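The primary structure of each chain is shown beneath.
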2 protein chains.
Amino acid sequence: MREVILLITCSLDGYIADENGNVDWLLDEDEYDFDSFLAKTDTLLMGHKTYRQVLGFGKWPYEGKECYVFTTRSPYPEDEKINDRIIFSNDPVGVTENLILGTGGFIWVVGGSSIISPLLNKGLISELRIAIQPIILGKGIPLFRDIRKDIRLDLKSSQEYESGIIELVYHLHKK
Amino acid sequence: MREVILLITCSLDGYIADENGNVDWLLDEDEYDFDSFLAKTDTLLMGHKTYRQVLGFGKWPYEGKECYVFTTRSPYPEDEKINDRIIFSNDPVGVTENLILGTGGFIWVVGGSSIISPLLNKGLISELRIAIQPIILGKGIPLFRDIRKDIRLDLKSSQEYESGIIELVYHLHKK
């Protein structure tokens, strides 16, 4: 079974972006060993909005990795496909269920909540790595929404950073 | 200046109670040294809903401490005053501004968000001690709402507990 990891940053009050989708309030986190996480990651899962946001950053940062982009649009916007490892799909749950059964490195759930929630609701995310920024935004785009029932977690570890970011690592609670 | 401390527990997604105000999803936290915090606390601030919830627990747990209960109801429900250290008021900001100038122990902001938010918006809470429960509720009564602008924080410390609860301690960010 491959590991499906949600690695994401949010405000203390659980927003991943402000109301307009901006993330300029994020602190830089030089100390965080993201490269080592990325090196172990083969496959990315993200919503279409997140995909377009990443494209907006300029050069595609995930060269060589398989990247599923979920959208309800049909036909899929193939002209937005910047390389042949980008796969458009409208079925985050089905894709993830299949991927888990294969072999390979980490499957990284990048965001946003439109794909996080169905995967969490189905119990398909095995680990949550949530970096909490030292800020209360008050409003914005929530990390979690449309969660159908309580999801119990086990805290595995935590790591404070100089910047005031704290990363919390949870596994799904074993009954 | 007296210290005004928000000490509260919430779910990972920032709810202090479920939609019906229930908190039966809270884990017990035997290890947490709440008694030592309470011993340093002279004054409690809480909203009227929180007050009625505490009354519902049975014996008043804060005997001997001054307790301000904030309500917009007028005249104040004096028949709910269970001892002469309970003070009803409709002005959380004014009361807190006055208390800070005096001398004494900790001022504990107990909750809920109807008093937390105006105090945070005015910069009157000096320390936040937030115990994050290892659960995603998906919906409920939010800890933070009606926050008018970003509130930057400094992470002071964190403490993991056996139960999976993690307590994060923040101070207001010094500009």
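Fair warning: this is a prediction, and the values are worked out from it, not measured in the lab.

Reading the values: rules and limits
Numbering of residues starts from 1 in each chain and follows the order in which that chain's sequence is written. Each chain takes a letter, starting from A, and each ligand takes a number, starting from 1, following the order in which they are written. Given that the model is predicted, a residue must reach a pLDDT of at least 70 before its local features are reported, and side-chain atom pairs must reach 80 or more before they are shown or counted; all residues, however, enter totals for whole chains, interfaces and linings. Values shown for side chains rest on all heavy atoms present in the structure; no hydrogens or waters enter the calculation. Each helix corresponds to a stretch of at least 4 residues labelled H or I by DSSP, and each strand to a stretch of at least 2 residues labelled E; elements are numbered beginning at the N terminus. Buried, partly exposed and exposed residues are distinguished by accessible area as a fraction of the type maximum, computed with a 1.4 Å probe on protein chains only: under 20%, between the cut-offs, and over 50%, respectively. Throughout, a contact is declared for two residues whenever any of their heavy atoms are within 4.5 Å. Residue burial considers only the protein chains on display, and all accessible areas are found by Shrake-Rupley using a 1.4 Å probe. Positive charge is attributed to Lys and Arg, negative charge to Asp and Glu, and no charge count is given to His or to the chain ends. Note that the charge is assigned to NZ on lysines, CZ on arginines, CG on aspartates and CD on glutamates. As a working definition, buried area equals the accessible area (1.4 Å probe) given up by two parts on being put together, with both sides summed. Every case where a carboxyl oxygen of Asp or Glu lies within 4 Å of a side-chain nitrogen of Lys or Arg is listed as a salt bridge. N or O atoms closer than or at 3.5 Å make up a polar contact, with two conditions inside protein: a donor-capable atom paired with an acceptor-capable one, and, for residues adjacent in sequence, both atoms drawn from side chains. Throughout this entry, Asp, Glu, Lys and Arg are counted as charged residues, while Ala, Val, Leu, Ile, Met, Phe, Trp, Tyr, Cys and Pro are counted as nonpolar. The remaining residues, Gly among them, count as polar. A pair of strands is labelled paired if DSSP reports no fewer than 2 bridges between them. The copies are overlaid by a least-squares fit using only the C-alpha atoms of residues whose pLDDT is at least 70 in both copies. Working convention: axes come from line fits to C-alpha atoms, limited for helices to the stretch in contact. Angles between N-to-C directions cover 0 to 180 degrees. Predictor confidence is given residue by residue as pLDDT, running from a minimum of 0 to a maximum of 100.

Thoughts on the overall build of chain A
For chain A, the count of helices and strands is 4 helices and 11 strands. By its C-alpha atoms, chain A is 40 × 40 × 30 Å across when sized along the principal axes. Here chain A holds 175 residues, and the buried ones make up 54% of them. At a minimum sequence separation of 6, the contacts of chain A that also span at least 24 residues come to 67%. Here chain A has roughly 8600 Å² of accessible surface; of this, 47% comes from carbon and sulfur atoms. The averaged location of the 27 negative side-chain charges in chain A is 8 Å from the averaged location of its 19 positive side-chain charges.

Some remarks on the interface of chain A and chain B
Taken residue by residue, the interface counts 31 residues in chain A and 31 residues in chain B. Surface buried jointly by chain A and chain B totals about 2700 Å² across both partners, of which 62% is contributed by carbon and sulfur atoms. In this assembly, chain A and chain B are joined by 0 salt bridges. One can count 8 residue pairs in polar contact (both at pLDDT 80 or more) joining chain A with chain B. Sorting the residues of the side of chain A that touches chain B by element identifies strand 7 (127–133), strand 8 (135–136), strand 10 (151–160) and strand 11 (166–172) of chain A as the ones contributing at least two each. By residue number, the principal contributor to the side of chain A that touches chain B is strand 10 of chain A, which donates 7 residues. Grouping the constituent residues of the side of chain A that touches chain B by class yields 20 nonpolar, 4 polar and 7 charged. Sheet analysis places strand 10 of chain A next to strand 8 (residues 135–136) of chain B, joined by 2 bridges and oriented antiparallel. By the bridge assignment for strand 8 of chain B, Arg152 of chain A is matched with Ile135 of chain B.

Notes on the environment of Thr103 of chain A
Here Thr103 of chain A lies in the loop between helix 3 (92–101) and strand 6 (106–111). Thr103 of chain A gets classed as exposed once you look at its relative accessible area, which sits at 77%.

Observations regarding the relation of the copies chain A and chain B
Placing chain A over chain B gives an RMSD of 0.0 Å and needs a rotation angle of 180°, together with 0.0 Å of translation along the axis. Taken together, the rotation and translation describe the operation of a two-fold axis. Of the interface residues in chain A, 100% have counterparts in chain B that sit at the interface too, so the contact is made through matching surfaces.

A short note on the side chain of Asn83 of chain A
All names here are of chain A. Position of Asn83 relative to the elements: it lies in the loop between strand 4 (66–70) and strand 5 (86–89). In terms of polar contacts, Asn83 uses its side chain to reach the backbone amide nitrogen of Arg85, at 2.7 Å. Among all residues touching Asn83, those that are not within four sequence positions of it are Trp60 and Glu63.

So, the pairing of strand 7 of chain A
All names here are of chain A. Among the 7 residues that make up strand 7, 7 are buried, leaving the element largely enclosed by the rest of the structure. In strand 7, alternate side chains face the same way, and those of Glu127, Arg129, Ala131 and Gln133 on one face and Leu128, Ile130 and Ile132 on the other are all buried. Two elements, strand 1 (residues 4–11) and strand 7, share 7 bridges in a ladder whose sense is parallel. Paired with Ser11 across the strands is Gln133, a residue of strand 7. Note: strand 7 against strand 11, 6 bridges, orientation antiparallel. When the bridges of strand 11 are listed, Leu128 appears paired with Tyr170.

Things to note about helix 4 (residues 113–121) of chain A
Residues Ser113, Ile115, Ile116, Ser117, Leu119 and Leu120 of chain A constitute the buried set of helix 4 of chain A. At the exit of helix 4 of chain A stands Gly123 of chain A, carrying a positive phi of roughly 70°.

Describing the sheet that holds strand 11 (residues 166–172) of chain B
Reading across the sheet, the 9 strands line up as 8(A)-10(B)-11(B)-7(B)-1(B)-6(B)-3(B)-4(B)-5(B) and stay open at both edges, with mixed pairing between neighbours. Every interior strand has two partners, whereas the edge strands, strand 8 of chain A together with strand 5 (86–89) of chain B, have only one. Note that strand 10 (residues 151–160) of chain B and strand 11 of chain B share 7 bridges and pair antiparallel. Residue pairing for strand 11 of chain B: Ser158 of chain B is matched across the bridge by Leu168 of chain B. Contacts from helix 3 (residues 92–101) of chain B reach strand 1 (4–11), strand 3 (41–47), strand 4 (66–70), strand 5 and strand 6 (106–111) of chain B within the one sheet, and its direction differs from that of strand 4 of chain B by about 155°. Running at roughly 130° to strand 6 of chain B, helix 4 (residues 113–121) of chain B makes contact with strand 8 of chain A together with strand 1, strand 3, strand 4, strand 6, strand 7 (127–133) and strand 10 of chain B of the sheet.

Observations concerning unusual backbone geometry
The peptide bond linking Ser74 of chain A to Pro75 of chain A adopts the cis configuration, its omega dihedral lying at 0°. By the element assignment, Pro75 of chain A lies in the loop between strand 4 and strand 5. For the bond running from Gly111 of chain B to Gly112 of chain B, omega is -5°, close enough to zero to count as cis. Mapped onto the secondary structure, Gly112 of chain B falls in the loop between strand 6 and helix 4. Of note in this structure, Asp146 of chain A is not a glycine but carries a positive phi near 60°. Owing to a relative accessible area of 62%, Asp146 of chain A belongs among the exposed residues under this scheme.

Remarks on the confidence of the model for chain A
Overall, the predicted model of chain A reaches an average pLDDT of 93, with 98% of residues at or above 70. Reported confidence for the predicted complex is 0.94 by ipTM and 0.94 by pTM.

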